[in-house]
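Observations on the three-dimensional arrangement
In case you want the letters, here they are:
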Amino acid sequence: MFQLDFMQNAFIAGFIISILCPFIGLFLVLRRYSMIGDTLSHSSFAGVAIGLVIGVNPLITAFLFTTLCAIIIELLREYYKKYAELVMSLVLTFSLGIAIILISSGKASAKVNSFLFGSILTVSSQDIILIAIVGLICLITLIFLYNKLVYITFDEEGAKTSGIKVKLINYIFTILVGATISMSIRVMGILVISSIMIVPVATAMQLKKGFKTTLISAIFIGIFDIMMGLFLSYYINSAPGGTIAITSVFTLILVIILERFLNINK
C-alpha cells in the first residue's frame, strides 16, 4: 500500500490535516462556533466549482472563495450579533447557489464527486506542496496567537479591556478556519470536513482534562481517526471522507463507553 505514490500523498496530506483540524476545532467548540465549520466547508464547494469551470487548481479557488466567505461572516456578525445562525445561513445559501449554478452548467460535474466525498487517488504532489505551505502558515499563526485566542475564548470582554485586538484576531481566526477547510477537501471531501474538526475534540473532552491536555489529546485522536480511515478506505474501496467520519464517531463512542466503565469501577 505505502509503495503507491497516491497513498503516500494521501497519508502526508492526512497527517497535516489531522494536526490542524482538531487544533482549530477545539477553539470552535469552546466558542460555540461549530456551525462556521459547516458553513465554510459548504462554501468551499462554490470555490471548487469556480476552479473546475475556469481551469484553475480547485484548492486555490476554494481557498480564495472560502477566505472571502470567512471575512463576510465576520463582517455580518457585527450587524447580527444576536443572530449568528442567520449569518451562517445567508453565506451558506449564497455559496451553494453559486455551486449549483456552476455544476449544473455541465462544465465541472465530471470531477466534482472526488471533492464532495474525498478521494485518495486525486491527491497530487502539487496538492501536497500547497497543503503543506498553507498548513504550516496556519499552524505558526495559531501558535503565535495561542495565548490571546485562549483569553478571547474564555473571556472576550476581559480580553477587550486588557487591550487585545479582539476583532482583528477574530478575523484572522475565521480566515484560518476557511484556509484549513479548503486544504482538507481533497482527502476529507466537502460534505464531512467539519466532522474531523469537531468529533476528535468531542472525544478528547470526554477525558475531562485541562485545556492543553484536551488540545493535545484531540490532535492525537485526529491523527488516529484519519490514518485509520485512510487505511480502511484503501482496503474496502470507499471514499475516505465517509470512512474517516465513521471512524471518528466510533472512536468517540468507544471512549464514552470506556470512560463510563472506568467510572463505574471506581
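As recorded by an unreviewed UniProt entry, the protein carries the name Metal ABC transporter permease and is attributed to Clostridium gallinarum. Check the Sequence similarities (unreviewed entry) section of the UniProt entry for the protein; it says "Belongs to the ABC-3 integral membrane protein family."

1. Describing the overall build of the protein
A tally of regular secondary structure across the protein gives twelve helices and zero strands. Its C-alpha atoms give the protein a radius of gyration of 18 Å, near enough to 18 Å, the size a compact globule of 266 residues would have. C-alpha extents for the protein along the principal axes are approximately 50 × 50 × 30 Å. Per-residue burial over the protein gives 51% buried out of 266 residues. In the protein, the share of contacts with a sequence separation of at least 24, taken over all contacts with a separation of at least 6, comes to 77%.

2. Quick word on empty space enclosed by the protein
Evaluated as defined, the whole model comprises one cavity of 30 Å³ or more. The calculated volume of the largest cavity comes to roughly 40 Å³. Lining the largest cavity are Ile16, Ile17, Leu20, Ile131, Gly135, Thr180, Met183 and Ser184. Taken together, the elements giving at least two residues each to the lining of the largest cavity come down to helix 1 (5-30), helix 6 (125-144) and helix 9 (166-188). A class-by-class count of the residues in the lining of the largest cavity yields five nonpolar, three polar and no charged.

3. Re helix 9
In a regular helix each residue adds 1.5 Å, so 23 residues correspond to 33 Å; helix 9 covers 31 Å between its end C-alpha atoms and thus fits that length. Of all bends in helix 9, the biggest is about 25°, found at Ser182. Following helix 9 by one or two positions, Gly189 adopts a phi angle in the positive range, close to 90°.

4. Quick look at the packing of aromatic side chains
Here the structure, examined in full by the defined rule, presents eight aromatic pairs. Relative to Phe173, the ring of Phe27 lies with its centre 6.1 Å away and its plane at 75°, an arrangement referred to as edge-to-face. Of this pair, Phe27 sits in helix 1 while Phe173 sits in helix 9, and the two are 146 residues apart along the sequence. Following the ring pairs from residue to residue traces out a cluster consisting of Phe23, Phe27, Tyr146, Phe154, Phe173 and Phe211.

5. Comments concerning the environment of Ala245
Here Ala245 is to be found in helix 12 (residues 240-264). Linking Ala245 and Val166, residues 79 residues apart in sequence, is a C-alpha distance of 33 Å. The contact partners of Ala245, leaving out residues within four places of it in the chain, are Val192 and Ser195.

6. Considering helix 3 (residues 58-79)
End to end, helix 3 covers 32 Å across 22 residues, agreeing with the expected 32 Å (1.5 Å per residue, within 8%). Listed in full, the buried residues belonging to helix 3 are Pro58, Leu59, Thr61, Ala62, Phe65, Thr66, Thr67, Cys69, Ala70, Ile73, Glu74 and Arg77. With a side-chain oxygen positioned 2.9 Å from the backbone nitrogen of Leu59, the residue opening helix 3 is Asn57.

7. A short note on the confidence of the model for the protein
Taken as a whole, the protein shows an average pLDDT of 81; of its residues, 92% reach a score of 70 or greater. Mean pLDDT values for the elements of the protein range from 72 in helix 5 (residues 112-117) up to 87 in helix 11 (residues 211-236).

8. Some remarks on the UniProt feature "transmembrane region" (unreviewed entry) in the protein
The UniProt entry lists residues 12-33, 45-73, 85-108, 128-147, 168-185, 214-236 and 242-262 under the feature "transmembrane region" (unreviewed entry), expressed in the numbering used here. For residues 12-33, the end-to-end C-alpha separation is 28 Å, with 86% helix and 0% strand making up the annotated structure. Helix makes up 95% of residues 128-147 and strand 0%, and the two end C-alpha atoms of the span are 30 Å apart.

9. Here we look at the packing of helix 7 (residues 146-154) against helix 9
With their axes 11 Å apart at the nearest point, helix 7 and helix 9 run at an angle of 105° to one another. Classified by the interaxial angle, the pair formed by helix 7 and helix 9 is roughly perpendicular. Across from Lys148, Leu149 and Ile152 in helix 7, the residues of helix 9 making contact are Val166, Ile169, Asn170 and Phe173. Class assignment of the residues belonging to the contact of helix 7 with helix 9 gives a composition of five nonpolar, one polar and one charged.

Calculation rules
Counting starts from 1 at the beginning of each chain's written sequence and moves along it residue by residue. Per-residue local features are limited, in this predicted model, to residues with pLDDT of at least 70; the limit for side-chain atom pairs, both in listing and counting, is 80 or more; totals at the level of whole chains, interfaces and linings are taken over all residues. Hydrogens are left out, water is left out, and the side-chain values use all remaining heavy atoms of the structure. UniProt positions are given in the numbering used here, feature names are shortened, and annotations may be inferred rather than shown by experiment. Secondary structure elements follow DSSP: runs of H or I of four or more residues count as helices, runs of E of two or more count as strands, with numbering from the N terminus. Only the C-alpha atoms count toward the radius of gyration. The rule for a globule is 2.2 Å times the residue count to the power 0.38. The classification of residues rests on relative accessible area computed with a 1.4 Å probe and restricted to protein chains. Under 20% of the type maximum is buried, over 50% is exposed, and intermediate values are partly exposed. Residues count as neighbours in contact if any of their non-hydrogen atoms are within 4.5 Å of one another. A 1.4 Å probe that fits but cannot get out identifies a cavity on a 1 Å grid over protein atoms alone, an open set with protein on both sides within 12 Å along at least five of seven lines counts as a pocket, and a residue lines either if it has an atom within 4 Å of a point. Grid points are joined across faces, edges and corners, and a volume is the space filled by probe spheres set on the points. Each residue gets one of three labels, nonpolar for Ala, Val, Leu, Ile, Met, Phe, Trp, Tyr, Cys and Pro, charged for Asp, Glu, Lys and Arg, and polar for the others, Gly among them. Expected helix span is computed as 1.5 Å times (number of residues minus one). Each residue is assigned a bend, namely the angle between axes fitted to the seven residues that terminate at it and the seven residues that start at it. Pairing of aromatic rings covers Phe, Tyr and Trp, the last through its six-membered ring, and needs centres within 6.5 Å; plane angles under 30 degrees mean stacked, over 60 mean edge-to-face, and all others mean tilted. Identification of polar contacts relies on pairs of N or O atoms within 3.5 Å, with a donor-acceptor requirement for protein atoms, meaning one able to donate a hydrogen and the other able to accept it, and with residues adjacent in sequence counted only if both atoms are side-chain atoms. pLDDT measures the predictor's confidence residue by residue and takes values from 0 up to 100. Working convention: axes come from line fits to C-alpha atoms, limited for helices to the stretch in contact. Angles between N-to-C directions cover 0 to 180 degrees. In what follows, roughly perpendicular refers to angles from 65 to 115 degrees, roughly parallel to angles under 35, roughly antiparallel to angles over 145, and oblique to any angle outside these ranges.

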